[in-house]
Amino acid sequence: MAADIPAGGAGSQTLSRGIRILEILADADRALSIDEVAAELGVHRSVAYRLLRTLEHHGLASRDAAGRIALGAGLAALAAGVQRDLQQLALPELAEVAEELGMTCLLAVLLDGDEAVTLVSASPRRTAAVSYRPGHRHPITRGGPGKAILMGLPESRWPDEVPAALRAEIAESRARGYTVSHDEVVPSLRSVAVPLNLPGQPPAAIAVIHVSFPRPEAELAERLLVAASNLGRASGA
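Below you will find a few notes about this structure.

## Quick notes on the packing of aromatic side chains
So, step 1. For the structure on display, the rule yields zero aromatic pairs.
So, step 2. Looking at Arg 176, its charged tip hangs above the ring of Tyr 178, at a distance of 4.8 Å from the centre.

## Re the pairing of strand 7 (residues 190-196)
So, step 1. For strand 7, a buried count of five out of seven residues is recorded, marking the element as mostly surrounded by other parts of the structure.
So, step 2. Bridge analysis of strand 7 against strand 8 (residues 204-210) gives seven bridges, and the strand direction is antiparallel. Across the sheet, the residue bridging to Val 194 is Ile 206, located in strand 8.

## Details of unusual backbone geometry
So, step 1. Phi is positive for Asp 183, which is not a glycine, with a value near 65°.
So, step 2. Of note, Asp 183 is situated in the loop between strand 6 (179-182) and strand 7.
So, step 3. Overall, the relative accessible area of 42% leaves Asp 183 in the partly exposed class.
So, step 4. Of note, the phi angle at Ser 188 is positive, near 80°, even though the residue is not glycine.
So, step 5. The residue Ser 188 is located in the loop between strand 6 and strand 7 in this model.

## Some words on the layout of surface pockets
So, step 1. Of the pockets and cavities examined, the second largest pocket occupies roughly 150 Å³.
So, step 2. Every residue lining the second largest pocket is listed: Arg 20, Ile 24, Asp 27, Ala 28, Leu 32, Glu 36 and Glu 40.
So, step 3. Elements represented by at least two residues in the lining of the second largest pocket include exactly helix 1 (10-27) and helix 2 (34-41).
So, step 4. Residue contributions to the lining of the second largest pocket peak at three residues, all from helix 1.
So, step 5. Partitioned by chemical class, the residues of the lining of the second largest pocket number three nonpolar, no polar and four charged.

## Looking at the nonpolar core
So, step 1. Leu 107, Val 192, Ile 206 and Val 208 are the most contacted members of the largest nonpolar core, which has 30 residues in total.
So, step 2. At the level of elements, helix 5 (84-101), strand 3 (104-111), strand 4 (115-122), strand 7, strand 8 and helix 8 (217-234) are the ones that each hand at least two residues to this core.
So, step 3. Dropping the residues within four chain positions of it, Val 208 is found in contact with Val 97, Leu 101, Met 103, Thr 104, Cys 105, Arg 190, Ser 191, Val 192, Leu 220 and Leu 224.

## Topic: the packing of helix 6 (residues 144-152) against helix 7 (residues 164-176)
So, step 1. One can describe the packing of helix 6 onto helix 7 by two numbers: an axis separation of 10 Å at closest approach and a directional angle of 80°. With respect to helix 7, the axis of helix 6 lies roughly perpendicular. Here helix 6 contributes Lys 147, Leu 150 and Met 151 to the contact with helix 7, which in turn contributes Leu 166, Glu 169, Ile 170, Ser 173 and Arg 174.
So, step 2. Class assignment for the residues of the contact of helix 6 with helix 7 results in four nonpolar, one polar and three charged.

Definitions and cut-offs
Residues numbered from 1 in each chain as written. Predicted model: local features only at pLDDT ≥ 70, side-chain atom pairs only at ≥ 80, totals over all residues. Heavy atoms only, no water. Phe/Tyr/Trp six-rings, centres within 6.5 Å; stacked < 30°, edge-to-face > 60°. Lys NZ or Arg CZ within 6 Å of the ring centre and 35° of its normal. Buried < 20%, exposed > 50% of the residue type's maximum accessible area, 1.4 Å probe, protein only. Helix = DSSP H or I, 4+ residues; strand = E, 2+ residues; numbered from the N terminus. Pairing = 2+ DSSP bridges. 1 Å grid on protein atoms, 1.4 Å probe; cavity = no way out; pocket = protein on both sides within 12 Å on 5 of 7 lines; lining within 4 Å. Points joined across faces, edges and corners; volume = space filled by probe spheres on them. Nonpolar A, V, L, I, M, F, W, Y, C, P; charged D, E, K, R; others polar. Core = buried A, V, L, I, M, F, W, Y, C linked by side-chain atoms within 4.5 Å. Contact = heavy atoms within 4.5 Å. Axes fitted to C-alpha atoms, helices over the stretch in contact; angles between N-to-C directions. Parallel < 35°, antiparallel > 145°, perpendicular 65-115°, else oblique.

The following block contains the structure:
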């Protein structure tokens, strides 16, 4: 909301609001109206409109025929430069897992100490699968990929407040080697994930997501562990 915008002058406030709009659009599961964006941002409709026009000019946001707003194609060019080496390393492996299992496979990395962000994803070509865009963010205390990152971290690097129930769940996940989730980040989606720790890269996780699992969770996790091992060898770990 507007109260969350840091102080520091009109320029920094405008930049912060623009970034916040991109986060709002990334978190939405559909295109939003200008009024919805303004409400989420906590500003007047005219302010949101001016910000969106600037984002549109740079290709970072787009509007459909009905005037509803979504992320623009220009973000793809920016995303391609983030952790480029890790993306290039991981994508072939993710694509192979996605084709084999018939599910979307993704790589999420730790961001700012307490959030997981999807860096790259791959969907099977021959079967219908869940679309999960790079840039999607959620706390590492929720969702399969987030909890897999948490599982791979020492507790000294955990967020300040981790409920006892989650601590017990992470201990159980460590014992079996993978995490699971259902409806924790996106309604109706299930995920299985394993930690991925590569030299010189942020803590990460590999996950598959779907509305239902055609195979047992343990079997999916076993395939993900093979993928993580392959990536470790490819990176020289």
